[in-house]
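# Inside the fold
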Amino acid sequence: MPFPPPKRNQTQQADPLLDRLRALIVQLRSPGGCPWDQRQDWQSLAPHLLEECYEVLQAIDLQNGPLLCEELGDVLMLLVFLAEIAAEQQLFDFDQVIEGICAKLIRRHPHVFEKSTALSDSELHRQWQQIKQSERQNVRPPPTAGTARPLPALLQAQRQLQPPAGADQASQLLAQLTERLSATARQPEQLDGPGYGALLAELVRCGQSLQLDAESCLRQHLARLATQGQIKEEKS
C-alpha cells in the first residue's frame, strides 16, 4: 500500500495537478494497473531518467518550447514515480522531497530569507560553499573515497580539472596540445586509451580557458551533424 503523505499544516495547500499525477502513478502500480509499471524499481527507472534528462537538454539546445514542456513532464513523471516507490517502502514520499528542497533553498539563501547585509558576488559564492560544506558534514554521509561523481565524463572533467591560470598558461597549454596532436598525426598507431583520454582532458582545459563548456559544445555539434544527416541512426 502507498505510504500516506505527511499531513500538511494550515499554511500548505494541495496542488491538484501534482496530486493527480501521483494518483495516476499509484493506480498504475496498484493491482489491476499496468504490469510494466508494477515491475519497475529504482534501478530499472534510472536509465529512463538519464535518457529523459538528455532529451530535456536537447530541447533546450533546439530552443523548442513545446518540446521542452513535454520533456520536463516526462522527467517530472519519473521523479514522482521514484518517490512513489520509496513511499511504498515507507522511506519517504514526494511531499517530503518537496519539503526538503524548499528547506534547502531557504537554508542556502540567508541573504534573501533572513535579515542580512548586502553581499558581493564573491561573498555570496563563499557563503554558498560554506553552507554546502556544512550540509555534507551534518546531513549526508561522505562518499566512498576514490569514487568518481556519477557525471558524464566530459562534464566531470569540466567540473574537476584545474583550468589554466591566466592567458599565458592557456596559450602554453594550447601550444603543448597542438604539438601532441601533431605527434599523434605522425604516428597514430602509438595512441592508446590512456593517451586519448589525456588528450580529451587537455582539450577540456583549453575550453575552460575560453569559457567554453565541453559537454554543451559537443552536444550542440552533434545536433548540427544530425540536421546534416551525418549521424548514424540508432538501431532499436
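What counts as what
Residues numbered from 1 in each chain as written. Predicted model: local features only at pLDDT ≥ 70, side-chain atom pairs only at ≥ 80, totals over all residues. Heavy atoms only, no water. Patch = residues over 30% accessible without salt bridge, like charges linked within 9 Å, V, L, I, M, F, W, Y side chains within 5 Å. Areas by Shrake-Rupley, 256 points an atom, 1.4 Å probe, with all protein chains shown as cover. Salt bridge = Lys/Arg side-chain N within 4 Å of Asp/Glu carboxyl O. Helix = DSSP H or I, 4+ residues; strand = E, 2+ residues; numbered from the N terminus. Phe/Tyr/Trp six-rings, centres within 6.5 Å; stacked < 30°, edge-to-face > 60°. Lys NZ or Arg CZ within 6 Å of the ring centre and 35° of its normal. Buried < 20%, exposed > 50% of the residue type's maximum accessible area, 1.4 Å probe, protein only. Axes fitted to C-alpha atoms, helices over the stretch in contact; angles between N-to-C directions. Parallel < 35°, antiparallel > 145°, perpendicular 65-115°, else oblique. Left-handed = near helix turned anticlockwise from the far one by under 90°. Contact = heavy atoms within 4.5 Å. Nonpolar A, V, L, I, M, F, W, Y, C, P; charged D, E, K, R; others polar. Core = buried A, V, L, I, M, F, W, Y, C linked by side-chain atoms within 4.5 Å. Lys, Arg positive; Asp, Glu negative; His and termini not counted. Expected span 1.5 Å × (residues − 1). Polar contact = N/O pair within 3.5 Å; in protein donor to acceptor, adjacent residues only side chain to side chain. pLDDT = per-residue confidence, 0-100.

### Focus: a nonpolar patch on the surface
Residues Val-97, Ile-98, Ile-101 and Leu-105 make up a contiguous nonpolar surface patch of about 290 Å² in total accessible area. Along the polypeptide, Ile-101 turns up in helix α5 (residues 94-108).

### Concerning the packing of aromatic side chains
Scanning the entire structure with this criterion turns up zero aromatic pairs. The ring of Trp-128 has Arg-108 lying over it, and the distance from NZ or CZ to the ring centre is 5.2 Å.

### Points about unusual backbone geometry
The phi dihedral of Gln-63 is positive, around 55°, even though this residue is not glycine. Within the secondary structure layout, Gln-63 lies in the loop between α3 (42-61) and α4 (65-88). On the basis of relative accessible area, Gln-63 is assigned to the exposed category, the value being 70%. Backbone geometry places Gln-90, a non-glycine residue, at a positive phi of 55°. Tracing the backbone shows Gln-90 in the loop between α4 and α5.

### Observations regarding the packing of helix α9 (residues 166-186) against helix α10 (residues 193-209)
Contact pair α9 / α10: the axes reach a minimum separation of 10 Å and the direction vectors enclose 150°. By the angle between their directions, the pair α9 and α10 is classed as roughly antiparallel. Pair α9 / α10 crosses with left-handed handedness. Side by side, α9 and α10 meet where Gln-169, Ala-170, Leu-173, Leu-174, Leu-177, Arg-180, Leu-181 and Thr-184 of the first sit next to Gly-195, Ala-198, Leu-199, Glu-202, Leu-203, Arg-205, Cys-206 and Ser-209 of the second. A per-class count over the contact of α9 with α10 returns nine nonpolar, four polar and three charged.

### What to know about the nonpolar core
With 10 residues, the main nonpolar core is built from Leu-21, Ile-25, Leu-45, Leu-78, Val-80, Phe-81, Leu-82, Ala-83, Ile-85 and Phe-94. For this core, the element with the highest residue contribution is α4, accounting for six residues. Residue contacts for Phe-81: discarding those within four places in its chain leaves Ile-25, Arg-29, Trp-36, Asp-37, Gln-40 and Leu-45.

### Focus on the environment of Leu-191
Within the secondary structure, Leu-191 is located in the loop between α9 and α10. Not counting residues up to four positions away in its chain, the partners in contact with Leu-191 are Thr-184, Tyr-196 and Leu-199.

### Points about the side chain of Glu-71
Within the secondary structure layout, Glu-71 lies in helix α4. Summary of buried charges: Glu-71 has no salt-bridge partner, and the nearest side chain of opposite charge, Arg-219, is 13 Å away. In this structure Glu-71 touches Glu-52, Glu-55 and Val-56, once residues within four positions along its chain are discounted.

### Here's the deal with α5
With 15 residues, α5 extends 21 Å between its outermost C-alpha atoms, agreeing within 8% with the 21 Å of an ideal straight helix rising 1.5 Å per residue. Taken together, the buried positions of α5 are Phe-94, Asp-95 and Arg-108. Looking at where α5 begins, the residue whose side-chain oxygen comes 3.3 Å from the main-chain nitrogen of Asp-95 is Asp-93.

### Details of the side chain of Glu-215
Along the chain, the position of Glu-215 falls in helix α11 (residues 214-227). Buried Glu-215, no salt bridge; nearest opposite-charge side chain is Arg-219, N-O distance 4.7 Å.

### Thoughts on the environment of Ser-120
Along the polypeptide, Ser-120 turns up in the loop between α6 (110-113) and α7 (121-138). Since its relative accessible area comes to 32%, Ser-120 is described here as partly exposed. A distance of 3.1 Å separates the side chain of Ser-120 from the side chain of Ser-122, its partner in a polar contact.

### Points about the confidence of the model for the protein
Of all residues in the protein, 87% have pLDDT values of 70 or greater, and the mean over the chain is 85. Between residues 1-8, whose pLDDT stays under 50, and residues either more than four places distant or in other chains, the model counts 23 contacts.

### Considering the pattern of salt bridges
Under the defined criterion, the tally for this structure stands at seven salt bridges. Here Glu-84 and Arg-22 are joined by a salt bridge, their closest N and O atoms 3.3 Å apart. In this pair, Glu-84 is assigned in helix α4 and Arg-22 in helix α1 (residues 16-29), connecting sequence segments 62 residues apart. As far as the burial class goes, Glu-84 and Arg-22 line up, both buried. Asp-61 serves as the salt-bridge partner of Arg-219, at 2.7 Å between the closest nitrogen and oxygen.

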